[in-house]
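Now for the letters of each chain:
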Amino acid sequence: MGGGGVSTECLEFRRRVEAEPGNEAPDLAEHEARCASCARFRRTLGQFDGLIREALLVDVPAPQAPRRSPVAPERRTWWGIAAALVLAVGIGLAFRLPVPEPRAGSFAGHVVTHLEHEPEALDAVLRPMDRARVEDVLAAHGVRMAATTPIVYARTCIVDGKRVAHLVVHGASGAVTVMLLPGEQLSESGTFEAGSLSGRIRPITGGSVAIVGHDQPVEPAAERRILEAVGFDRRNRAGVAG
Amino acid sequence: MASSSDEIEPVLGGSIGVDRIDEDAERRLFDRWAVELRPDLFRYAFWLARDRALAEDIVQEALLRAWRAFGGLRDKQSVKQWLMTITRREYARTYQRKRLETTDLDALSAREEGLIAAHDDLDVREMRSAIFDLEAEYREPLVLQVLMGYKTEEIAGIMGISAGAVLTRLFRARRKLKSQLGWGVEE
Ligand SMILES: [Zn+2]
Ligand SMILES: [Zn+2]
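All values derive from a computational prediction rather than experimental measurement. (Residues numbered from 1 in each chain as written. Chains lettered and ligands numbered in written order. Predicted model: local features only at pLDDT ≥ 70, side-chain atom pairs only at ≥ 80, totals over all residues. Heavy atoms only, no water.)

Asks: Go over the overall build of chain A with me, naming the residues and quoting the values.
Replies: Within chain A one finds 10 helices and 8 strands. Looking at chain A residue by residue over its 242 residues, the buried ones come to 49%. In chain A, the proportion of contacts linking residues at least 24 apart, taken out of those at least 6 apart, comes to 55%. Surface exposure of chain A reaches about 11400 Å², of which carbon and sulfur atoms provide 55%. (Helix = DSSP H or I, 4+ residues; strand = E, 2+ residues; numbered from the N terminus. Buried < 20%, exposed > 50% of the residue type's maximum accessible area, 1.4 Å probe, protein only. Contact = heavy atoms within 4.5 Å. Areas by Shrake-Rupley, 256 points an atom, 1.4 Å probe, with all protein chains shown as cover.)

And the structure:
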């Protein structure tokens, strides 16, 4: 408790300015104009932030020699061919609307938590699982997936207490996670974002699917290709219809 | 529910030659962004990892991944934010693998002593050291705000937390640094 005229209003001003020194809200400017003490506080904070900035500006080392040209043959496969398509769609990224974070306890929330705890799934992008193992997992869930879909990872996982087929497809927009929940059409559907994850949950015939992008949202064209390629066996559909 | 292959592979009708030229142009564009944004990405990675060598690896790997997924974005801000997110994710992957080695703060600061001391101004050196010791949850939003110039909402997006949480952390980060450096809370 100092000896100055620091009111509740002043404390509020300082709390907000210390979180956002650049905050130009009119009520802050107004307070600053009639409170010399807070005006001084903000000037000092400006100096303090200048020091922070200077401290953060560490020297940047010269680039290392590239290990190899990234324009390698692997880019000319399924996704390489689709690059032009992605180029057309990619521009849309710049104009994306904000997407909500998943609610706690929602299936989307469970998907996010699950993916955060299974980061090695994405490593399969570099070392794809062999197709026979992938097929085993698909069969176990009554999932059909077009043979040409580049699935690099498949595992049976428990998400929100439900058995799902956890797949990673290495497609045109990088790695895409596909979670297939057979026999249950979730009422919850829609898009979500959490950290670098962004995805969509939707019901499909015979179950539900979550399609999740990792460093960027899944391109609509890539999502459509996945939805066109996937299907559930009849035994699941019967389960849903009943 | 079709399972025929032609529904999955897009047929674009471009010849190999045309595709080649497009890809070279795309590559030049990507390289330009990479050169321009590399200092920011390196500093971001450094302040996440607090390890110079690791930061270099993270940035290189992130750029490699980004190139594989590059969709020809033309807008600098979205390219930057996208690359930041990839860098962050790359750091997380690396951290998962090297968790045990990188949590020893004394070892880290000993290794990066040279970098911390590489400034003629004593105040800056002290500040650099104080930020180095700051917990990750406070260090990261500070870097994103002060160095990268991101707004609170953008920081919330990159870190995957609420805007309110970002503000609280930024406030506490400055309070911690002030008390560390003896700037006190005046009046
Ligand atoms: Zn005041
Ligand atoms: Zn899983």
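From this point, the discussion proceeds with the structure in view.
Asks: I'd like a description of the coordination of the zinc ion (ligand 1), backed by residues and values.
Replies: Residues and elements named next belong to chain A. Protein ligation of the zinc ion (ligand 1) involves Cys 10 (SG), His 31 (NE2), Cys 35 (SG) and Cys 38 (SG), the donor distances falling in the range 2.1 to 2.3 Å. In this structure, the zinc ion (ligand 1) is surrounded by 4 donor atoms whose angles at the metal cover 97 to 115 degrees, and the resulting shape is tetrahedral. Spacing between the donor residues of the zinc ion (ligand 1) along the chain follows C-x20-H-x3-C-x2-C. Among the residues examined, Cys 35 registers a relative accessible area of 11% and is labelled buried. (Donors = N, O, S within 2.8 Å, 3.2 Å for Na, K, Ca; no water. Tetrahedral: all angles 85-135°; square planar, octahedral: opposite > 155°, others 65-115°.)

Asks: Describe the side chain of B:Arg89, and please don't skip the residues or the numbers.
Replies: Along the polypeptide, B:Arg89 turns up in helix α3 (residues 76-102). Among the residues examined, B:Arg89 registers a relative accessible area of 17% and is labelled buried. Ignoring any residue separated from it by four or fewer positions in sequence, one finds B:Arg89 in contact with A:Pro119, A:Leu122, A:Ser196, A:His214 and A:Asp215.

Asks: Quick rundown of the pattern of salt bridges? Include the residues and the values.
Replies: Once the charged atoms of two side chains with opposite charge are near each other, the side chains can pair. One pass over the full model with this rule turns up 18 salt bridges over all chains. Between A:Arg200 and A:Glu223 there is a salt bridge whose closest N-O contact spans 3.2 Å. Residue A:Arg200 is located in strand β6 (residues 197-204), and its partner A:Glu223 is located in helix α9 (residues 220-229); the two are separated by 23 residues in the primary sequence. Of the residues examined, A:Arg200 reaches a relative accessible area of 31% and is grouped as partly exposed. Its salt-bridge partner being B:Glu140, residue B:Arg88 comes within 2.7 Å of it at the nearest N-O pair. Taken together, the residues B:Arg88 in helix α3 and B:Glu140 in helix α7 (residues 136-147) connect sequence positions 52 residues apart. For B:Arg88, a relative accessible area of 23% gives the class partly exposed. A relative accessible area of 8% places B:Glu140 in the buried class. Look at the salt bridges and you will find they share partners, linking A:Glu9, A:Glu30 and A:Arg34 into a network. (Salt bridge = Lys/Arg side-chain N within 4 Å of Asp/Glu carboxyl O.)

Asks: So what's going on with unusual backbone geometry? Which residues, and what values?
Replies: A positive phi is found at A:Asp160, a non-glycine position, where the angle reads about 55 degrees. Relative to the assigned elements, A:Asp160 resides in the loop between β2 (151-159) and β3 (162-171). Look at A:Asp160 and you get partly exposed, because its relative accessible area is 32%. A positive phi angle is found at B:Arg50, which is not glycine, with a value near 55 degrees.

Asks: Give a description of helix α9 (residues 163-181) of chain B that names residues and reports values.
Replies: Here α9(B) is 19 residues long and its end C-alpha atoms lie 27 Å apart, about the 27 Å a rise of 1.5 Å per residue gives. Every buried residue of α9(B) is accounted for by B:Val166, B:Leu170, B:Phe171, B:Ala173, B:Arg174, B:Leu177, B:Lys178 and B:Leu181. Buried residues of α9(B) fall within an arc of 155 degrees about the axis and therefore sit on the same side. In α9(B), those exposed residues whose orientation departs by more than 90 degrees from the buried face are B:Ser179 and B:Gln180. Buried-residue contacts for α9(B) involve α1 (8-19) and α3 (36-56) of chain A together with α6 (122-133), α7 and α8 (152-159) of chain B. Residue B:Gly182 follows α9(B) closely and has a positive phi angle near 70 degrees. (Expected span 1.5 Å × (residues − 1). Arc of directions from axis to C-beta.)

Asks: Describe the packing of helix α2 (residues 26-34) of chain A against α3(A), listing the residues and the values that go with them.
Replies: Residue and element names in this part refer to chain A. Look at α2 against α3: their axes get within 5 Å of each other, and the N-to-C directions meet at 115 degrees. As the angle between them shows, α2 and α3 are arranged roughly perpendicular. For the element pair α2 and α3, the recorded crossing hand is left-handed. Contact with α2, carried on its side by Leu 28, His 31, Glu 32 and Arg 34, involves Ala 36, Cys 38, Ala 39 and Arg 42 of α3 and no other residues of that element. Along the lines of polarity and charge, the residues of the contact of α2 with α3 split into 4 nonpolar, 1 polar and 3 charged. (Axes fitted to C-alpha atoms, helices over the stretch in contact; angles between N-to-C directions. Parallel < 35°, antiparallel > 145°, perpendicular 65-115°, else oblique. Left-handed = near helix turned anticlockwise from the far one by under 90°. Nonpolar A, V, L, I, M, F, W, Y, C, P; charged D, E, K, R; others polar.)

Asks: Break down α8(B) for me, citing the residues and quoting the values.
Replies: Given 3.6 residues per turn, any residue in an α-helix points the same way as the ones three and four places further on. All names here are of chain B. Taken residue by residue, α8 has Thr 152, Ile 155, Ala 156, Ile 158 and Met 159 as its buried positions. Buried residues in α8, looked at end-on, bunch into an arc of 165 degrees, giving them a common side. After α8 finishes, the residue Gly 160 shows a positive phi value of roughly 70 degrees.

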